[in-house]
Amino acid sequence: MGQYATNLKYCEVILNGEYIGLYALSEKIKRDGDRVDIAKISDDENSLPEITGGYIIQTDRTGGDNPPEAWNNNGAGYIHEKPNSDDITSQQSSYIESVFRDLDNSATNSNITSGYPSIIDIPSFVDYMLMAEIASNVDAYALSTYYHKDRSGKLRAGPVWDYNLTYGNDLFEWGFDRSFTDVWQFNYSNVGAYFWIDLFNNSTFKCYLSKRFSEVTSPGEPLNYAYISSLIDSTAELISEATVRENERWNTIDNFSEEIINMKSWLEERITWMQNN
């Protein structure tokens, strides 16, 4: 879709001669010229324009073994990623908090100078929502949800992260079943910050969202069903030998081919539902 996401490779792991199984080896979300490309802000940069960036912020669980909460507002608890809670100054923390609070207060206003267009990078928010929704990611918006802001730039949504509870999969053994083809995740289960719902309900933002969805689901585009189906097939072929060894080790998949069929069927239903809604 044109947005940065962490690079990932499949690999089989052997530890001290013991076969451990099939893994997805991924980058972490970090500030870097080839990852989240934002300025590094130091603790002596506490006035304009330096204080405007760069930041990586996350909404997720806080306290206990989790990072401390920087602030809580409008349905979300925020965490300082870069600078982290140990390095950020009080002035910098107040500044980036004010950006989110401004968004909370303006998400229903599409005026270019006084509404959300003056605060956020709209294409990144549109693409984040489309990716979260096409996957029906039950953690999106509330948990493992990242934002970043470069110096003198607007607030951007992403990168996407933590997509294990998606495409109809959930923590079934814990009694959870939330990834459906016929719900909007920003309005169901872990809804996160309320500004996502406000943005969706804003007619101008919804127009941006609808036009972008039509674009990226067109033939040959990355959210087109045939394109995704082909990607699933090529990935299944890539890991076909490894899945046999993985299943011998952990007995996790009864019928790999059937799982592929189910995933494709789920996606086709989801895309159709989004097109109609």
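Preceding this section is the structure that the text describes.
Residues numbered from 1 in each chain as written. Predicted model: local features only at pLDDT ≥ 70, side-chain atom pairs only at ≥ 80, totals over all residues. Heavy atoms only, no water.

1. A look at the side chain of D127
Link 1 in the chain: Inspection of the secondary structure puts D127 in helix α2 (residues 122-134).
Link 2 in the chain: If we skip the residues at most four places from it in the chain, D127 touches M1, Q3 and R212. (Helix = DSSP H or I, 4+ residues; strand = E, 2+ residues; numbered from the N terminus. Contact = heavy atoms within 4.5 Å.)

2. Side note on the packing of α2 against helix α7 (residues 256-276)
Link 1 in the chain: In the contact formed by α2 and α7, the axes pass within 10 Å of each other and the chain directions differ by 135°. In terms of axis orientation, α2 runs oblique to α7. Contacts between α2 and α7 involve L130, E133 and I134 from the first element and W266, L267, R270, I271 and M274 from the second.
Link 2 in the chain: Counted by class, the contact of α2 with α7 contains six nonpolar, no polar and two charged residues. (Axes fitted to C-alpha atoms, helices over the stretch in contact; angles between N-to-C directions. Parallel < 35°, antiparallel > 145°, perpendicular 65-115°, else oblique. Nonpolar A, V, L, I, M, F, W, Y, C, P; charged D, E, K, R; others polar.)

3. Concerning the pairing of strand β5 (residues 76-82)
Link 1 in the chain: Burial of β5 is extensive: five of the seven residues sit out of reach of the surface.
Link 2 in the chain: Examined bridge by bridge, strand β3 (residues 55-59) and β5 share four bridges and lie antiparallel to one another. By the bridge assignment, I57 is partnered in β5 with H80.
Link 3 in the chain: Pairing analysis gives three bridges linking strand β4 (residues 71-73) to β5, with the strands arranged antiparallel. Each residue of the ladder has a partner; that of W71, found in β5, is Y78.
Link 4 in the chain: Remark: two residues form the turn of the hairpin made by β4 and β5, two consecutive strands paired antiparallel; N74 in that turn has positive phi of roughly 55°. (Buried < 20%, exposed > 50% of the residue type's maximum accessible area, 1.4 Å probe, protein only. Pairing = 2+ DSSP bridges.)

4. Notes on a negative patch on the surface
Link 1 in the chain: Side chains of D43, D44, D86 and D87 sit close together on the surface and give a patch of like negative charge.
Link 2 in the chain: Classification of D86 as exposed rests on a relative accessible area of 70%. (Patch = residues over 30% accessible without salt bridge, like charges linked within 9 Å, V, L, I, M, F, W, Y side chains within 5 Å. Areas by Shrake-Rupley, 256 points an atom, 1.4 Å probe, with all protein chains shown as cover. Salt bridge = Lys/Arg side-chain N within 4 Å of Asp/Glu carboxyl O. Lys, Arg positive; Asp, Glu negative; His and termini not counted. Charge placed at Lys NZ, Arg CZ, Asp CG, Glu CD.)

5. Side note on unusual backbone geometry
Link 1 in the chain: Residue G53 is joined to G54 through a cis peptide bond whose omega torsion reads 5°.
Link 2 in the chain: By secondary structure assignment, the location of G54 is in the loop between β2 (18-26) and β3.
Link 3 in the chain: The phi torsion at S144 lies on the positive side, around 50°, for a residue other than glycine.
Link 4 in the chain: Looking at the secondary structure, you find S144 in the loop between α2 and β6 (145-149).
Link 5 in the chain: Residue class for S144 comes out buried when judged on its relative accessible area of 8%.
Link 6 in the chain: Notably, N251 is not glycine yet its phi reads approximately 55°, a positive angle.
Link 7 in the chain: You can see N251 is positioned in the loop between α6 (240-250) and α7.
Link 8 in the chain: Accessibility expressed as a relative area gives 59% for N251, which makes it exposed.

6. Examining a positive patch on the surface
Link 1 in the chain: Side chains of K28, K30, K40 and K82 sit close together on the surface and give a patch of like positive charge.
Link 2 in the chain: Along the chain, K30 turns up in the loop between β2 and β3.

7. Comments concerning the pattern of salt bridges
Link 1 in the chain: A complete count under the given rule lists 11 salt bridges for this structure.
Link 2 in the chain: As a salt-bridge pair, E133 and R270 come within 2.9 Å of each other at their nearest N and O atoms. Taken together, the residues span a long stretch of sequence, with E133 in helix α2 and R270 in helix α7 at a distance of 137 residues.
Link 3 in the chain: You can call E133 buried: its relative accessible area is 1%.
Link 4 in the chain: Its relative accessible area of 0% is what places R270 among the buried residues.
Link 5 in the chain: Note that D170 and R178 form a salt bridge whose closest N and O atoms lie 2.8 Å from each other. Here D170 matches R178 in class, with each residue buried.

8. Comments concerning the environment of Q185
Link 1 in the chain: Within the fold, Q185 resides in the loop between β7 (155-157) and α3 (195-201).
Link 2 in the chain: Note on Q185: relative accessible area 0%, which makes it buried.
Link 3 in the chain: Those residues in contact with Q185 that sit more than four places away from it in its chain are E133, S136, N137, V138, Y141, R178, S179, F180, N190 and V191.

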